[in-house]
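# Secondary and tertiary structure notes
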Amino acid sequence: MAGTARPAAPAGPAAWWRRAARRPAVLWTVALLDAAVLLDGAAAAAWSALRVPAPVQVGRLNDMGVRAPAAAPATQPAPVAVDIPRIGVHTALVGLDVDPTGLLEAPRDFSVAGWWRAGPAPGDEGAAVVVGHLDSHTGPAAFFKVPTLQPGDRIAIRRADGSTTSFAVDAVRQYPKDDLPAARVYGPTAGPELRLITCGGAFDRRARSYKDNIVVFAHQAPYPPQKDGPA
């Protein structure tokens with residue numbers, strides 16, 4: 001007598017894995033796909049984090065022990081661009097503000113720099129502050145070459161009325177972000193000066209920012225440099 005056929009077991013996940021276990025190539029393919037998905041997710045998260053401009057720590061004005069720059073009204077037109085021919089920097093400038101915690105906003109566009117519009121305008125007495133990103137997930141940003149500046153290099157600031165003011169580099173210094181000498185960077189000066197600030201030092205992956213600031217100190221000077229003696 002013919003036997004009764006046993007109904008087929010439903011093809012569930014357990015059955016699939018039992019069959020796959022007899023075919024190692026299938027398991028390796030699944031494992032590799034899972035690893036690829038995890039890596040893609042981690043990479044996407046990292047790129048997303050780098051796309052968000054981190055604020056630039058400038059110190060809290062109330063803790064500086066110096067007169068707040070905003071107390072002196074600007075007499076010069078607003079700056080609109082910065083040019084540093086020796087290192088090939090030519091970028092627009094946008095206005096930046098300090099948030100309630102004392103952090104200076106960063107430019108949303110990594111290819112442009114920004115100036116602290118609550119402080120002196122370039123050419124006014126005091127230290128005008130211009131900041132820019134060092135790099136991003138796509139490569140070098142506006143101030144990538146700023147750390148290579150040398151004493152005597154000229155920085156030209158173009159202004160909204162079409163005029164230009166220029167500065168000569170005095171020094172390039174590196175400071176931990178939590179130990180920035182605020183009085184030296186932002187304090188009163190004997191005449192018009194300029195500070196270029198970008199990031200530097202080791203990169204903190206957890207904080208998604210560099211641990212140090214690079215600060216360029218410069219004073220107002222003719223551009224191009226004047227020659228000594230008769231021509």
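Coordinates for the structure precede this section.
Just so you know, these numbers come straight off a predicted model, no measurement behind them.

Parameters at a glance
Residues numbered from 1 in each chain as written. Predicted model: local features only at pLDDT ≥ 70, side-chain atom pairs only at ≥ 80, totals over all residues. Heavy atoms only, no water. Core = buried A, V, L, I, M, F, W, Y, C linked by side-chain atoms within 4.5 Å. Buried < 20%, exposed > 50% of the residue type's maximum accessible area, 1.4 Å probe, protein only. Contact = heavy atoms within 4.5 Å. Helix = DSSP H or I, 4+ residues; strand = E, 2+ residues; numbered from the N terminus. Pairing = 2+ DSSP bridges. Axes fitted to C-alpha atoms, helices over the stretch in contact; angles between N-to-C directions. Phe/Tyr/Trp six-rings, centres within 6.5 Å; stacked < 30°, edge-to-face > 60°.

### Thoughts on the nonpolar core
Counting 22 residues, the largest nonpolar core has I84, F143, L149, I155, L194 and L196 as its most contacted members. Not counting chain neighbours up to four residues away, the residues in contact with I84 comprise V89, V146, L149, R154, I155 and L196. W116, V129, L180 and V215 belong to the second largest nonpolar core, which has 13 residues in total.

### Some points on the pairing of strand β6 (residues 126-131)
Judged by how many residues are buried, β6 sits mostly within the fold: six of six residues are covered. When strand β5 (residues 113-116) meets β6, the two strands line up antiparallel, connected through two bridges. The residue bridging G114 from the neighbouring strand is V131, located in β6. Across six bridges, β6 lies against strand β11 (residues 192-204) in parallel orientation. Bridge pairing links V130 to L196 in β11.

### A look at the sheet that holds strand β3 (residues 89-96)
Reading around the barrel, the eight strands line up as β2-β3-β5-β6-β11-β12-β10-β9 and close back on themselves, with mixed pairing between neighbours. Sheet twist, expressed as the average angle between the axes of neighbouring strands with direction ignored, equals 35 degrees.

### Regarding the packing of aromatic side chains
Under the counting rule described, the total for this entry stands at two aromatic pairs. An angle of 90 degrees between the planes, with centres 5.6 Å apart, marks the rings of W116 and Y186 as edge-to-face. Residue W116 is located in strand β5, and its partner Y186 is located in helix α3 (residues 182-186); the two are separated by 70 residues in the primary sequence. Residue W116 shares its accessibility class with Y186, and that shared class is buried. Between the aromatic rings of F203 and Y210, the centroid separation amounts to 5.0 Å while the plane-to-plane angle is 70 degrees, which identifies the pairing as edge-to-face.

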